[in-house]
Amino acid sequence: MNNVILNSIAETTTHRDRDGVHYAFVQLLLNFLNAELVAIYRLIDDSGVTRVLNYAEVSRGNVQAPQVPCKDPSTLHELGEVPQWESCVRRHQIVQYVPCAGNVHAVLPIEGERDVVGLLFVKGRTRLRPRAIEHVNAILRILKNHLALLDYGELDTLTGMLNRKTYEASFEKLRQRLRLADAARAVKEPSWLGLVDIDRFKCVNDNYGHLFGDEVLLLVSQLMKTCFRGTNQLFRFGGEEFVIVLDHATIDGVEIAFDRLRETIATFDFPQVGRVTISLGYSQIYPTDSPSTCVERADAALYYAKHHGRNNIRSYEALAAAGELSAKHGGENVELF
């Protein structure tokens, strides 16, 4: 591995943004292998069906724009649609094949702690030689280690969710996409932010101890992950508060999704504790929002839910339209009537 590649790796690992890291690595591999196209795919479990999400892709002379977040995993291709890819995951080793187009395709497993979590796809004019495969695997290990370091700073240690520090950067990316869509007058489904609070959580800690309190937090986070798959983002804001960023959903769709979460948690039997419920307030995300103003609106709706029976969900926009809350956008203070 020559100095040019080593310098490229050193430059790539300066990125602190996950999307930037992935694109830098695929660009590095495109140049190193002199390939026609390099892509990273993420494996997603969709109720027992493994699907593939194109996470980053570059081709010779072209950089593909970041993928639009997938709100519905069922729209993604199944892993089994390409037998060679399924074989790569099953056998944990590279598979090279020549499709009808004539170019050589190579697919390599991206290993997690125990299982394959993604795939590296390479399209080139010739097969990868053993020495090149060895170098690519070494680069993938560097990618894995670098992402692990990012995870350490971005993930909540108890639940494995994104932490509050990561929220602002993630929100800014979403807001930029909304601004671009707004400038282009593109018709699209809105994005939403939901603020979740576990009802009477202090009583759980007081009555059962913090060990069982932590278990409730962990189980709630796991139930949230089962309800929101794909690329919807889940954050632990601290204590018993969580944030959900739901991209591309209709007014009816977001209410169904959030109420499904509420019902899932309300009917779950928590060990020792028994029944636990949540309250949830949510608001649409606007291009002019700051990370804090959108949370403030959702928090006002959550406050209303807490004081009107708990174990329910409330829309800020619906409450404002009904005159229960004052309508405020983009940096203005929220008021309760």
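Before any of the text, the structure's been laid out above.
Remember, it's a predicted structure, so these values are computed and weren't measured experimentally.

Definitions and cut-offs
The numbering scheme is per chain: residues are counted from 1 as the chain's sequence reads. It should be noted that, the model being predicted, local features are given only for residues of pLDDT at least 70 and side-chain atom pairs only at 80 or more, the latter also being counted only at that level, while totals for whole chains, interfaces and linings use all residues. Hydrogens are left out, water is left out, and the side-chain values use all remaining heavy atoms of the structure. Each axis is a line fitted through C-alpha atoms, taken for helices only over the stretch in contact, and angles between the N-to-C directions span 0 to 180 degrees. To qualify as a helix, a DSSP run of H or I must reach at least 4 residues; to qualify as a strand, a run of E must reach at least 2; elements of each kind are numbered from the N terminus. Note on terminology: angles under 35 degrees are roughly parallel, angles over 145 are roughly antiparallel, angles of 65 to 115 are roughly perpendicular, and the others are oblique. Two helices cross in a left-handed way if the nearer one is turned anticlockwise from the farther one by less than a right angle. They cross in a right-handed way if the turn is clockwise. When checking whether two residues touch, look at their non-hydrogen atoms; a contact exists if any pair is within 4.5 Å. Charged residues are taken to be Asp, Glu, Lys and Arg, nonpolar residues to be Ala, Val, Leu, Ile, Met, Phe, Trp, Tyr, Cys and Pro, and polar residues to be all remaining types, Gly included. The span expected for a helix works out to 1.5 Å for each residue beyond the first. Exposure is judged per residue with a 1.4 Å probe applied to protein chains only, and the accessible area is read against the type maximum: over 50% gives exposed, under 20% gives buried, and values in between give partly exposed. We define a nonpolar core as any set of buried Ala, Val, Leu, Ile, Met, Phe, Trp, Tyr and Cys residues linked to one another through side-chain atoms lying within 4.5 Å. When DSSP finds at least two bridges between two strands, those strands are taken to pair.

A. A look at the packing of helix α7 (residues 210-227) against helix α8 (residues 251-266). Two numbers describe how α7 lies on α8: the axes approach to 10 Å, and their chain directions differ by 140 degrees. With respect to their mutual orientation, α7 and α8 come out oblique. Taken as a pair, α7 and α8 cross one another with a handedness that is right-handed. Between α7 and α8, the residues in contact are Val220, Leu223, Met224 and Cys227 and Arg260, Leu261, Thr264 and Ile265, respectively. By residue class, the composition of the contact of α7 with α8 is 6 nonpolar, 1 polar and 1 charged.

B. Representation of helix α2 (residues 18-33) within the structure. The first and last C-alpha atoms of α2 sit 23 Å apart over 16 residues, in line with the 22 Å expected at 1.5 Å per residue. Judged by how many residues are buried, α2 sits mostly within the fold: 12 of 16 residues are covered. Restricting attention to buried positions, one finds in α2 the residues Arg18, Gly20, Val21, His22, Tyr23, Ala24, Phe25, Val26, Leu28, Leu29, Leu30 and Leu33.

C. Geometry of the nonpolar core. Counting 33 residues, the largest nonpolar core has Val38 and Leu120 as the members making the most contacts within it. Contributions of two or more residues to this core are made by α1 (3-12), α2, β1 (37-46), β2 (49-59), β6 (104-111), β7 (116-124) and α4 (130-154). In this structure, Leu120 is in contact with Leu29, Val38, Ala39, Ile40, Ala106, Val107, Leu108, Ile110, Val136 and Leu140, ignoring residues within four places of it in sequence. Within the second largest apolar cluster, 31 residues are counted, among which are Ile198, Leu217, Ile244 and Ile265.

D. Molecular detail of the side chain of Ser170. Mapped onto the elements of the fold, Ser170 is located in helix α5 (residues 164-183). Not counting the four nearest positions on each side in its chain, Ser170 is found in contact with Gln233 and Phe235.

E. Structural detail: the sheet that holds strand β9 (residues 191-198). The strand order β8-β10-β11-β9-β12-β13 describes an open sheet built from 6 strands, whose pairing is mixed. A strand with exactly one partner marks an edge of an open sheet, and here the two such strands are β8 (162-163) and β13 (313-315). Pairing of strand β12 (residues 278-285) with β13, which is carried by 3 bridges, proceeds in the parallel orientation. By the bridge assignment for β13, Gly281 is matched with Arg314.

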